[in-house]
Each structure stands twice: as C-alpha cells, then as structure tokens.
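Per-entry structural report
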Amino acid sequence: MTTRKLLLNNLLDIGGVATLNNLYSRSAKSYKGSLLFARKLFKDYSAEGLIERIEPIGKPMNKAREVFYCLTKNGARYIGRTDEYKYKKYQKSPNNVMHESMKFDVALSFLKLFPDKKFTIRYDSSFYDVQPDILIRIESSGRKELTKFLLIEIERKKTVDRVFNEKIKRYEQMFKSIIRNKSHNIGQFTVLFIYTDIWFDPFVRPQQYSEPIVSERINTVNTLVKNLVHHYCNDLPDDRYRFTAFHNFYRLHEQVWYKPTGKLTTITF
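Figured I'd write up the structure that's included with this text. (Residues numbered from 1 in each chain as written. Predicted model: local features only at pLDDT ≥ 70, side-chain atom pairs only at ≥ 80, totals over all residues. Heavy atoms only, no water.)

Let's talk about the sheet that holds strand β1 (residues 17-18)
Stated formally: Two strands pair if DSSP finds at least two bridges between them. Only DSSP runs of H or I reaching four residues or more are called helices, and only runs of E reaching two or more are called strands; each is numbered from the N terminus. Here, two residues are considered to be in contact whenever any of their heavy atoms come within 4.5 Å of each other. Only the stretch in contact is used when fitting a helix axis, every axis being a line fitted to C-alpha atoms; angles between N-to-C directions are given from 0 to 180 degrees.
Strand order in the open sheet formed by three strands is β1-β3-β2, and the pairing between neighbours is antiparallel. The sheet terminates laterally at β1 and β2 (51-53), the two strands that pair on one side only. With three bridges connecting them, β2 and strand β3 (residues 69-71) associate as antiparallel partners. Each residue of the ladder has a partner; that of arginine 53, found in β3, is tyrosine 69. Contacts from helix α1 (residues 3-13) reach β1, β2 and β3 within the one sheet, and its direction differs from that of β3 by about 95°.

Right under this line is the structure:
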C-alpha cells in the first residue's frame, strides 16, 4: 500500500478525524520537519476532495495542532472503504481540543506500533455506565483464542488521587457488575490508564522532548504516575490494569507500562 493511501486508511481506522500534529513524522529530526510530509499530503487531499477541514470554533492559536480534518466519502471511496464511511464533520469545542487530540495520538500509535494486530477502534462504548475514552477490540488470531478488549482512559488531571477516586473506583464497580451479572468474560478486558498533569502540553511531539522546559515536565509526570501506582493501586488485580504517562504515546509497545504492583512491563494481547 502506498504511503498516500496508508495515511487515509489510518485516518479512517482511528475514526476519520485528525490534525496535522497527530500525523507527524516519527523519523523527522525536528518538530517543523515532522509536519512537512503530512502538510503536503493534506494539501493534496484537500484539493482532490479526499479530506475536508473542520472549521474551528473561535480562532485557534496553532492551526497545525488545533484544526481537525475529516475524511470525505470520496476519500473512503479512494481507499475502497465506502461501506465504513461515516460523516464526521462536526465542530470541536475549543475546551475539548486537547483531549480529542490525545485520543487520536493514542489510537494512531496502536495502529502503527502493533501492525500485526487487527484493531477496531471506537469512542462511544459503554459498560455499566462506564465509558472509556477509547475501546480497542483486538481480533483473535485463532478459534480458541479470546477476543481481547483494551479500555483506555486518557487522564489529564491536576492530581493523581482524582484518577483513582473518579475513574478507577468506577471501573472496579463495573467489574463487580460484570461478575455479578455474568455479562462478559472479564479475562477479555485490560484497562489502560494514560496520565498527564494539566501543566504538560500534550501537543508537543517527541522531537521537542529534549527541550529543558518539556524535559522537566516529563520528569514530574513520571513521578506522578509512579505515585498513582504505588500509593493508590497496589491492591488492584495485577492482570487487569496498566498505567503509563501520556508522553510515552509514541512508544506504547515498549516497557513503559506499570502493573499495579509497580513493576514495569510491556502490554501483551
């Protein structure tokens, strides 16, 4: 598959919406250089009617980071997937742009970092009133293998105790309901918490991580994730939860995930 079509396929796979910033080049040496190829493709796609700009509400400070584009029906036809196309040209609230961008960063990373897996990505799933930011269905590779589900929560909060009290406790209640009602096989579920604090800029790309102000914030967030695990999550089932910092979004296949016991590990499906 050509790069030109691959990017459109990835766009459809993550829900049909993304920014230039989401589609940065991982191999580029500078942030400016990381957007060059995506910018060129977006210009071509727009001219051919394969994508459309979603007009922002208000005036964005940085268009590459805050202006979203959506796949058109012609774009889905171009990659032979019109049956999967859904209209997505809905304006994004400026209050929610960061969280939306973070969701698409994470979803796109799973597609790129685990190319041997078949993922179905959704943002509208609910289990006993718990609505994960992202649900990833991982298709089984054999008849006797269970289909797995990743329930992903992207948490940008001032303190980690809020993550535990507002989200993790609700997940534990959800699992109790599942067990009580025998509605699902809980062995199929893994909950991934991806955390950062409100002072980390989720728009920055890995090419910018060595900048002193970004590097200092990363160190702080790393400490906060450790605190979340060590002080709040020790008693959680070890096979049910994993925790990492959002700035690791580009290397989710590496040993960047904490188990509730505090041990670093990779995620396996």
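Things to note about helix α3 (residues 36-48)
Counting along an α-helix, one turn takes 3.6 residues, and residues three or four places apart therefore face a common direction. Inclusion rule: Residue count minus one, scaled by 1.5 Å, sets the expected span of a helix. Residue burial is assigned from relative accessible area. The probe radius is 1.4 Å, only protein chains are included, and a residue is buried under 20% of its type maximum, exposed over 50%, and partly exposed in between. To be clear, the arc concerns the directions from the helix axis to the C-beta atoms.
Along its 13 residues, α3 runs 19 Å from first to last C-alpha, staying within 8% of the 18 Å computed at 1.5 Å per residue. Within α3, burial applies to Ala38, Leu41, Phe42 and Tyr45. The arc enclosing the buried residues of α3, seen along the axis, measures out at 105°, which places them on a common side. The exposed set on the far side of α3, more than 90 degrees from its buried face, consists of Leu36, Lys43 and Ala47. The elements touched by buried residues of α3 are α1, β1, β2 and β3. Positive backbone phi, approximately 75°, marks glycine 49, located one or two places after α3.

Side note on the packing of aromatic side chains
To keep things clear, this is the line we draw: Think of it this way: a Phe, Tyr or Trp ring, Trp meaning its six-membered ring, pairs with another when their centres are within 6.5 Å, and the plane angle makes it stacked under 30 degrees, edge-to-face over 60, tilted otherwise. Placement of a charge over a ring requires the Lys NZ or Arg CZ to be within 6 Å of the ring centre, with the centre-to-atom vector within 35 degrees of the ring normal.
This structure, assessed with the given rule, holds 23 aromatic pairs. Their ring planes at 85° and their centres at 6.0 Å tell us that phenylalanine 119 and phenylalanine 269 sit as a pair that is edge-to-face. A residue pair is termed long-range when its members are at least 10 positions apart, and phenylalanine 119 in strand β4 (residues 119-122) and phenylalanine 269 in the segment after β10 (264-265) qualify at 150 residues. Relative accessible area serves as the criterion here: at 10%, phenylalanine 119 is assigned to the buried category. Assessed through its relative accessible area of 22%, phenylalanine 269 is described here as partly exposed. Between tyrosine 241 and phenylalanine 243, the aromatic rings sit 6.3 Å apart at their centres with planes inclined by 15°, giving stacked as the arrangement. In terms of burial, tyrosine 241 and phenylalanine 243 fall into one category: buried. An aromatic cluster is present here, built from Phe127, Phe149, Tyr171, Phe175, Phe189, Phe193, Tyr241 and Phe243 joined pairwise through their rings. Over the ring of tyrosine 78 we find lysine 5, and its NZ or CZ is 5.0 Å from the ring centre. Lying over the aromatic face of phenylalanine 175, arginine 240 brings its terminal NZ or CZ to 4.3 Å of the ring centre.

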